[in-house]
Amino acid sequence: GLMWRNQRYALEVNPLAIGDYINSNKFSTNVFHNYIANKNFSLKTRLSYFRNYWKNFFYDNITGSTANRYGFEVQGDYQFSDENVLIFGTEESWDHVDSELVGLHDQYTISGYFQNERKLITNVIFTLGLRYDYQHVDIGFADSEWSPKIGLVWHAQSDLTFRASSGKGFRAASMSERFSDSIYSGLRIIPNPELKSETAWSNEIGFNYNPLPFLFLDVAGFVSNYWDLIEPEPDETQ
């Protein structure tokens, strides 16, 4: 169960929940192909399949779920010169869930990205990248995100490197976060099918120093900001 036994025994579960258990199994397989056209250009392809089955046996409910994810990814590497390398690619995935907890649903995601690494001078590397993701859920809801990134690395000496980076990230809601409709330990969980992605922006600056073979020092400072976090909230109307 999700509830404490009481305020005095916060580390003990509700006596009714003793004996609750979950039966779960997972299966994953991947197929990779690497094509090298020449010394400057290569393509990596990946096909994937992931199956996740679980069923819980709780004192106040018995629910199960079977989820299947099919994925396809292609990544290209093109080296324009010794100073300039372009990485680009696309990812697609399709999720199919048949669950007593969330129902029968499908969603697919399409994304594309590129990242350019350029050597500005002998010991300074500049990185610029951009990614786009589009997600569509079978109820007609769609969400999309642009995720830029920028970075700079300075190899000041053979044993001293400085770095700085800034970039945006996101996390799309899972099927269980969108469609869960059940009761756990007396708490009613209601679906929210049009949950938007949570987003974040992170900035980092740091350096690493390797003065001796047995001594490596890495120091970094970072700041991250988050918006629209996907988390449980009480519904006053229920």
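This structure is a prediction, so every number in the text was calculated from the model and none was measured.

Visitor: When you look at the overall build of the chain in this model, what are you seeing that I'm missing?
Guide: Tallying secondary structure elements over the chain gives one helix and 12 strands in all. Secondary structure elements of the chain, listed N to C terminal, follow the sequence β-β-β-β-β-β-β-β-α-β-β-β-β. Its C-alpha atoms give the chain a radius of gyration of 24 Å, clearly above 18 Å, the size a compact globule of 238 residues would have. Its C-alpha atoms give the chain principal-axis dimensions of about 65 × 45 × 35 Å. Burial statistics for the chain: of 238 residues in total, 26% are counted as buried. Considering only residue pairs separated by 6 or more positions, the chain has 51% of its internal contacts joining residues 24 or more positions apart. Only carbon and sulfur atoms are counted for the fraction: they give 58% of the accessible area of the chain, which is about 15700 Å².

Visitor: Please explain the side chain of His105 as it appears in this structure.
Guide: Among the secondary structure elements, His105 is positioned in strand β5 (residues 103–121). The class of His105 is buried, set by a relative accessible area of 14%. Among the polar contacts made by the side chain of His105, one reaches the main-chain carbonyl oxygen of Val102 at a distance of 3.2 Å. The residues touching His105, leaving out its near neighbours within four places in the chain, are Asp95, His96, Val97, Asp138, Ile139, Met175 and Phe179.

Visitor: What am I meant to see in the pairing of strand β12 (residues 215–227) here?
Guide: On a regular strand, one side chain projects to one face of the sheet and the next to the other, so that they alternate. Looking at chain direction, strand β11 (residues 198–212) and β12 are connected through 12 bridges and run antiparallel. The residue of β12 that forms the bridge with Thr199 is Trp227.

Reading the values: the criteria
Every chain begins its residue count from 1, and numbering advances along the sequence as written. Since the coordinates come from a predicted model, pLDDT governs what is reported: local features require at least 70, and pairs of side-chain atoms require 80 or more to be given and counted, while whole-chain, interface and lining totals use all residues. Hydrogens and waters are ignored; side-chain quantities use all the structure's heavy atoms. Every helix listed is a DSSP run of H or I at least four residues long, and every strand listed is a run of E at least two residues long, numbered separately from the N terminus. This radius of gyration counts C-alpha atoms alone. The globule rule is 2.2 Å times how many residues there are, raised to the power 0.38. Under the scheme applied here, a residue whose accessible area is under 20% of the maximum for its type counts as buried, over 50% as exposed, and between as partly exposed, the area being computed with a 1.4 Å probe on protein chains only. For this analysis, residues touch if any pair of their heavy atoms sits within 4.5 Å. Working definition of accessibility: Shrake-Rupley area with a 1.4 Å probe, residue cover restricted to the visible protein chains. Here a polar contact means two N or O atoms within 3.5 Å. Within protein one must be a hydrogen donor candidate and the other an acceptor candidate, and residues neighboring in sequence count only if both atoms are side-chain atoms. Pairing between strands requires that DSSP locate at least two bridges from one strand to the other.

All we've got here are geometric facts, nothing functional implied.
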